[in-house]
Amino acid sequence: MPEVLEYLEYREFLRDWFVETKKDNPFTSYRYLGQKTGVDPAWLVRVFQKEGHLNEGTLPVFIRLCGLDDRRAEYFKTLYRFNKTKAKQALSELYYRLMELRSLETRILSTPELSYFGSWACAALRALIGISKDTSDINKLAASLTPAISQDEARNALGVLKQLGLVVPDGNGGWNITDQIISTGGEVKSSAVRDFHRRTMELALESVDRHKPADRDVSSVVFTADESDLPEIRHKIEEFRRGLLQFARKSERADRVYALNIAMFPLSNKVEDPCTGSEPPKKGE
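Residues numbered from 1 in each chain as written. Predicted model: local features only at pLDDT ≥ 70, side-chain atom pairs only at ≥ 80, totals over all residues. Heavy atoms only, no water.

**Quick word on the overall build of the protein**
Piece 1. Counting secondary structure elements, the protein contains 11 helices and 4 strands.
Piece 2. Within the protein, residue pairs in contact and separated by at least 24 positions form 60% of the contacts whose partners lie at least 6 positions apart.
Piece 3. Roughly 18,500 Å² of accessible area belongs to the protein as shown, and the carbon and sulfur atoms make up 51% of that amount. (Helix = DSSP H or I, 4+ residues; strand = E, 2+ residues; numbered from the N terminus. Contact = heavy atoms within 4.5 Å. Areas by Shrake-Rupley, 256 points an atom, 1.4 Å probe, with all protein chains shown as cover.)

What follows is the structure, given as structure tokens:
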């Protein structure tokens, strides 16, 4: 069944839950769901297509049908309000509450553990172990990365993964990964994390020459926005990243490790109003 904590749109969660439920019980239908919830079946179709919203009073019955525990029920209700509101301040507050509810289950790396980010090889090797059938030959794994890393680098990376409990023996001389979600816990001010971001962006630059266009996607966009729009822009970026991870997790035939860098940064200082010499008014003022 889909995990509600992985969604930033409650209607997408309900749609996926409905599809999975039908697989287990072919008699499940919109009419059946309408009888259980009191919602018109035709309106349920529109809700699942994101053309409308549920009435807030129906949320408890959906929470019960989906079998959500207390934390996930609160996440679902918060997500409902997050998807309905258009007020930027409320969006920001609801978004951070969603992230708080998620973080209760996320593996947060403490400061000593930030050695994981000391080299991009740790993250890449861990991901490669996760999709490889035979992980007993560390040298072969090292050569499979691009760019390939040395045997010493591979052994050091594996040592960090073992020390942090991010891999465990598989019983066949190789390794299995453990925690599926890893986070620095937000904006961690660490030189290790900054170096990690810097190196992955350097790898992206090198990829322009290293990989064929068919094997990569490199694009840029320059746009203007009001500074007050930044929280909502960050929400959209986060929603895209989470959606991509959710899509990747559903892949049953993963055969390659990829990295995605999303970098948004200012290309100018704030522009003053040419008429008054002050900053331009906020949108809507």
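**Here's the deal with the packing of aromatic side chains**
Piece 1. Per the counting criterion, the structure on display carries 8 aromatic pairs.
Piece 2. Between Tyr 10 and Phe 76, the aromatic rings sit 6.1 Å apart at their centres with planes inclined by 90 degrees, giving edge-to-face as the arrangement. With a gap of 66 residues between them, Tyr 10 in helix 1 (residues 10–24) and Phe 76 in helix 5 (residues 70–84) connect regions that are remote in the sequence. A single burial state applies to Tyr 10 and to Phe 76, both of which are buried.
Piece 3. Considering the side-chain rings of Tyr 30 and Phe 48, the 5.8 Å spacing of their centres and the 50 degrees angle between planes classify their relative orientation as tilted. Taken together, the residues span a long stretch of sequence, with Tyr 30 in helix 2 (residues 30–37) and Phe 48 in helix 3 (residues 41–48) at a distance of 18 residues.
Piece 4. Of the residues examined, Phe 48 reaches a relative accessible area of 4% and is grouped as buried.
Piece 5. Here a set of aromatic residues connected by ring pairs shows up, and it is made of Tyr 7, Tyr 10, Phe 13, Phe 76 and Tyr 80. (Phe/Tyr/Trp six-rings, centres within 6.5 Å; stacked < 30°, edge-to-face > 60°. Buried < 20%, exposed > 50% of the residue type's maximum accessible area, 1.4 Å probe, protein only.)

**Comments concerning a nonpolar patch on the surface**
Piece 1. Residues Phe 240, Leu 244, Phe 247, Leu 260 and Ile 262 make up a contiguous nonpolar surface patch of about 510 Å² in total accessible area.
Piece 2. As for its placement among the helices and strands, Phe 247 is situated in helix 11 (residues 230–249).
Piece 3. Accessibility expressed as a relative area gives 62% for Phe 247, which makes it exposed. (Patch = residues over 30% accessible without salt bridge, like charges linked within 9 Å, V, L, I, M, F, W, Y side chains within 5 Å. Salt bridge = Lys/Arg side-chain N within 4 Å of Asp/Glu carboxyl O.)

**Digging into the pattern of salt bridges**
Piece 1. Going through the model one piece at a time under the given rule, you end up with 15 salt bridges.
Piece 2. With a closest N to O distance of 3.0 Å, Glu 3 and Arg 72 form a salt bridge. In this pair, Glu 3 sits in the segment before helix 1 while Arg 72 sits in helix 5, placing the two residues 69 residues apart along the sequence.
Piece 3. Here Arg 97 makes a salt bridge to Glu 100, at a shortest N to O gap of 3.1 Å. Note that Arg 97 and Glu 100 are positioned in helix 6 (residues 88–103) at a spacing of 3 residues, about one turn of the helix.
Piece 4. A relative accessible area of 44% places Glu 100 in the partly exposed class.

**Quick notes on the nonpolar core**
Piece 1. By size, the foremost hydrophobic cluster in this structure holds 33 residues, and its most contacted members are Leu 14, Leu 54, Phe 62 and Phe 76.
Piece 2. Those elements giving two or more residues to this core turn out to be helix 1, helix 3, helix 4 (59–66), helix 5 and helix 6.
Piece 3. Apart from residues no more than four positions distant in its own chain, Phe 62 is found in contact with Leu 14, Leu 33, Thr 37, Val 39, Leu 44, Leu 54 and Phe 76.
Piece 4. Membership of the second largest hydrophobic core comes to 26 residues, among which are Trp 120, Leu 125, Ala 142 and Ile 149. (Core = buried A, V, L, I, M, F, W, Y, C linked by side-chain atoms within 4.5 Å.)

**Observations regarding the environment of Ala 254**
Piece 1. By the secondary structure assignment, Ala 254 is in the segment after helix 11.
Piece 2. Accessibility expressed as a relative area gives 38% for Ala 254, which makes it partly exposed.
Piece 3. Measuring from C-alpha to C-alpha, the distance between Ala 254 and Leu 128 comes to 9.8 Å, with 126 residues separating the pair along the chain.

**Let's talk about the packing of helix 2 against helix 3**
Piece 1. Where helix 2 contacts helix 3, the axes come no closer than 8 Å and their chain directions differ by 105 degrees. If you check the angle between helix 2 and helix 3, you find them roughly perpendicular. Contact with helix 2, carried on its side by Tyr 30, Arg 31, Leu 33, Gly 34 and Thr 37, involves Pro 41, Leu 44, Val 45 and Phe 48 of helix 3 and no other residues of that element.
Piece 2. For the contact of helix 2 with helix 3, a count of residues per class yields 6 nonpolar, 2 polar and 1 charged. (Axes fitted to C-alpha atoms, helices over the stretch in contact; angles between N-to-C directions. Parallel < 35°, antiparallel > 145°, perpendicular 65-115°, else oblique. Nonpolar A, V, L, I, M, F, W, Y, C, P; charged D, E, K, R; others polar.)

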